[in-house]
Amino acid sequence: MQRLGKNVGGYHGETIDITAVLNDIEEAARGSGWRFEPIPVTPRFELHTWRRQISGAAKRLYISAGIHGDEPAGPLAARQLMRENQWPVDVEIWLCPCLNPTGFPLNRRESADGFDLNRQYLHLEAAETRAHIEWLKQQPRFDLTLCLHEDWESHGFYLYELNPGERPSHAAKIIQRVATICPIDPSAEIEGRVASGGIIRPNPDPVSRPHWPEAFWLLQNKTRHSYTLEAPSDFPLATRVAALETAVRTVLEGEEARD
Ligand SMILES: [Zn+2]
């Protein structure tokens, strides 16, 4: 598969109408019994959250997307998953399809106020992050969390795994399945971290990062197992969406199969 070669110095690919995508998700979610809970951020806008509620569920999974406004594949993968509506029977799911609704209209990583929202989770300055954390605090713990991203510089798909509790890993299986539809980044170093076959296992020590991403807050407060999934922006959008969707499906199936 050929790289597009478009992304020089930043993301220059397709953009999405985030309002339309969130409306599509709402239509699909309401039709299949998900519960909507908006998080008010300012009088101007809110964050959407959806919950697939199951009494006596065996597992609880959290999925978020769209924290960077120049990464359209995450919200589109969330829409695709909602439309397909294929979920493990006994897994309860929380979905935040877009954590940066003001960044997308600007096709910008940061929010309209100029914050990289995925560096806000230790020192809270952005209204979005404060509202998101207040909502998260009201939710139960999750067995696993997934954060959907893209990287405009990467040579292929890759992921971060945080798994200090040493639950059985999904990482190798995710890479194996995604590799059938999207190139995997073979680099030995990605974003300044040691990588191997598209897998990065960062130091989970919270003091190792002064600017926490969402995944770090989740690891300190809500889960012991987290994946950040990175689709390569320099490949076609449909490929990136399929890569993220496949990665999520691999985790869902893996969790369902496990006691
Ligand atoms: Zn991102």
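This text gives an overview of the structure that appears in the document.

**Looking at the overall build of the protein chain**
Right, so step 1: Along its length, the protein chain carries 6 helices and 12 strands.
Right, so step 2: Taking 2.2 N^0.38 as the reference for a compact globule, 259 residues should give roughly 18 Å; the C-alpha atoms of the protein chain span a radius of gyration of 17 Å, in line with that estimate.
Right, so step 3: By its C-alpha atoms, the protein chain is 45 × 45 × 40 Å across when sized along the principal axes.
Right, so step 4: When each of the 259 residues of the protein chain is scored for burial, the buried share is 56%.
Right, so step 5: Long-range pairs, those at least 24 residues apart, make up 78% of the contacts in the protein chain with a sequence separation of at least 6.
Right, so step 6: Carbon and sulfur atoms form 48% of the exposed surface of the protein chain, whose accessible area is close to 11000 Å².
Right, so step 7: Mean positive and mean negative side-chain charge positions of the protein chain (28 and 36 charges, respectively) differ by 4 Å.

**Things to note about unusual backbone geometry**
Right, so step 1: The phi angle at glutamate 166 is positive, at roughly 50°, despite the residue not being glycine.
Right, so step 2: Mapped onto the elements, glutamate 166 comes out in the loop between strand 8 (158–162) and helix 4 (171–178).
Right, so step 3: Accessibility expressed as a relative area gives 70% for glutamate 166, which makes it exposed.
Right, so step 4: Residues other than glycine seldom take positive phi values, yet glutamate 191 does so here, at roughly 50°.
Right, so step 5: Tracing the chain through its elements places glutamate 191 in the loop between strand 9 (189–190) and strand 10 (193–196).
Right, so step 6: Since its relative accessible area comes to 44%, glutamate 191 is described here as partly exposed.

**What to know about the packing of aromatic side chains**
Right, so step 1: Scanning the model with the defined rule gives 6 aromatic pairs in all.
Right, so step 2: Ring geometry for tryptophan 34 versus tryptophan 87: centroids 5.1 Å apart, planes at 65°, classification edge-to-face. With tryptophan 34 in the loop between helix 1 (18–31) and strand 1 (35–36) and tryptophan 87 in the loop between helix 2 (73–84) and strand 6 (91–96), this pair connects stretches of sequence that are 53 residues apart. Neither residue differs from the other here; tryptophan 34 and tryptophan 87 are each classed as buried.
Right, so step 3: Grouping aromatic residues by their ring pairs yields a cluster made of Tyr62, Trp94 and Phe142.
Right, so step 4: Lying over the aromatic face of phenylalanine 216, arginine 209 brings its terminal NZ or CZ to 5.6 Å of the ring centre.

Basis of the calculations
- Residues numbered from 1 in each chain as written.
- Predicted model: local features only at pLDDT ≥ 70, side-chain atom pairs only at ≥ 80, totals over all residues.
- Heavy atoms only, no water.
- Helix = DSSP H or I, 4+ residues; strand = E, 2+ residues; numbered from the N terminus.
- Rg over C-alpha atoms; globule rule 2.2 N^0.38 Å.
- Buried < 20%, exposed > 50% of the residue type's maximum accessible area, 1.4 Å probe, protein only.
- Contact = heavy atoms within 4.5 Å.
- Areas by Shrake-Rupley, 256 points an atom, 1.4 Å probe, with all protein chains shown as cover.
- Lys, Arg positive; Asp, Glu negative; His and termini not counted.
- Charge placed at Lys NZ, Arg CZ, Asp CG, Glu CD.
- Phe/Tyr/Trp six-rings, centres within 6.5 Å; stacked < 30°, edge-to-face > 60°.
- Lys NZ or Arg CZ within 6 Å of the ring centre and 35° of its normal.

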